[in-house]
Amino acid sequence: MTFKSLAVLTSGGDAPGMNAAIRAVVRAGIFYKKEVFGVHRGYDGLIEGDFTPLHSKSVKNILSQGGTMLKSARSAEFRTPEGRAKAAQQLRDRNIDGLVVIGGDGTFTGAHLLSEEHGIAVVGIPGTIDNDLFGTDYTIGYDTATNTVVECIDKIRDTANSHNRMFIVEVMGRDAGFIALSAGVATGALDIVLPEKNTTLEDLYASIDRGAENKKTSNIIVVAEGNRLGKPFDLANALGTKYPELDIKVTILGHIQRGGSPSALDRVNASQLGVAAVESLLNGKSDIMVGMVNGQLTQTFLQQAIYNKAPLDMELFRVSKILSI
C-alpha cells in the first residue's frame with residue numbers, strides 16, 4: 001500500500017507534552033511528504049468526522065504548552081462495535097491510511113480494537129502522567145507532573161515547619177504509585193502510601209513514632225489516590241485519634257498535576273516518540289506502541305502495553321524508608 005496520509009488524536013486524561021507529541025507527528029508526516037489530519041476531541045471526534053488538515057505552521061509555538069490543542073475526551077460510543085465501525089468509515093472516507101493515538105491504556109484498548117476489527121493501521125504514543133504503561137521507561141507527562149508535585153510539597157513543607165504540623169498530601173495515581181513514590185523520595189516524606197503496597201495504620205504509627213524519637217517537628221505523608229489504606233481525611237482522623245497532640249492537615253493536589261508547561265524531558269521524549277510513531281506507520285507497523293527503554297526506541301504490541309503493568313521500583317521505596325528517619 002502506498003501510504004499517503006495519516007491522522008493524529010489525543011484521548012483520555014491530558015498530560016503535559018501531548019502538544020509536543022502532536023507537533024512531532026505533524027512535522028514528521030510533512031517531512032515525509034504525507035498529508036496529516038488532526039482529530040478533535042479524541043474518539044468522539046473520530047466518530048463524528050471532526051478532522052482538520054494540519055501543516056507545519058499549524059503546530060508552531062505549541063511545544064511549550066500544556067494540555068492538548070486537539071482536545072481530549074473519553075468516548076462511550078467508541079466502546080461499542082458500532083461506534084468503532086463509524087470511526088473506521090470516517091477514516092476510509094477521507095482515504096487516511098494510518099492513525100497515531102496519544103494516550104493511556106484506555107486509549108490503546110480502543111486503538112487495538114480498531115485495528116483488529118477494521119484493519120486500520122494504528123500506532124500509539126504513551127501519554128499519561130501515571131507512567132503505568134509497559135514498554136517504556138517514561139510516559140509523556142509523568143516527569144512534569146512529578147515536578148509539579150515536588151514543587152507543591154516543598155511549599156507545603158514551609159508551612160509544616162513553621163507550625164510543627166503534619167500534612168497528608170494526596171497525589172494522582174488511581175492504580176499506580178509512580179508519582180507518589182518519586183515525589184515522596186524527592187521531598188523527604190516521612191511515609192508514602194501506594195496502591196502497590198499493603199500499608200497498614202500500624203506501619204504509619206511506626207513511622208510517626210520513629211520520627212518522634214528523632215525529634216522531627218514536621219512531617220509529610222504522601223498518599224496516592226488509589227492506595228489500599230484509605231482516603232486522606234479518614235487517615236487524618238485515624239492518626240489524630242492515635243496522636244491527639246499532632247496538628248494534622250490534608251492537602252489534595254488534584255488536577256493541578258495535569259497542567260503546566262512540559263519539562264525538557266517530556267518535550268524531548270514526546271518529540272522522539274512522535275517521529276518514531278510516524279516512521280513506524282510508514283514502515284508498515286501497526287497495533288503497536290512506541291516507547292523508550294534505556295535510551296533506546298522500542299516497539300511493543302498494544303495488548304502487551306495494556307495488560308502488562310509497568311513495575312514500580314520497590315527498591316526506591318526501601319530507600320525512602322531508610323532516608324525518612
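Residues numbered from 1 in each chain as written. Predicted model: local features only at pLDDT ≥ 70, side-chain atom pairs only at ≥ 80, totals over all residues. Heavy atoms only, no water.

### Quick word on the pattern of salt bridges
The cut-off we apply is this: The term salt bridge refers to a pairing of a side-chain nitrogen on Lys or Arg with a carboxyl oxygen on Asp or Glu at a separation within 4 Å. The helix count covers DSSP runs of H or I at least four residues long, the strand count covers runs of E at least two residues long, and both are numbered beginning at the N terminus. Burial classification: accessible surface area is computed with a 1.4 Å probe over protein chains only, and a residue below 20% of its type maximum counts as buried, one above 50% as exposed, and the rest as partly exposed.
Taken as a whole and assessed by the stated rule, the structure comprises ten salt bridges. Here Arg84 ties to Glu117 by a salt bridge, and the two come within 2.8 Å at their closest N and O atoms. Note that Arg84 is positioned in helix 3 (residues 81-93) and Glu117 in helix 4 (residues 105-118), a separation of 33 residues in sequence. For Glu117, a relative accessible area of 36% corresponds to the partly exposed category. The residue Lys249 makes a salt bridge to Asp247 at a minimum N-O spacing of 3.8 Å. Residue classification places Lys249 among the partly exposed residues on the basis of a relative accessible area of 33%. For Asp247, a relative accessible area of 30% translates into the label partly exposed. Three or more residues joined by partner-sharing salt bridges are found here, namely Arg41, Glu48 and Asp50.

### Regarding the side chain of Asn131
Put simply, the test is: Counted as a polar contact is a pair of N or O atoms within 3.5 Å, where, for protein atoms, one must be capable of donating a hydrogen and the other of accepting one, and residues adjacent in sequence contribute only when both atoms are in side chains. Any two residues whose heavy atoms approach within 4.5 Å at even a single point are treated as in contact.
Structurally, the position occupied by Asn131 is in the loop between strand 5 (121-126) and helix 5 (142-163). Engagement of the side chain of Asn131 in a polar contact is seen with the backbone nitrogen of Thr139, the distance being 2.8 Å. In this structure Asn131 touches Asp137, Tyr138, Thr139, Tyr142, Phe178 and Ala310, once residues within four positions along its chain are discounted.

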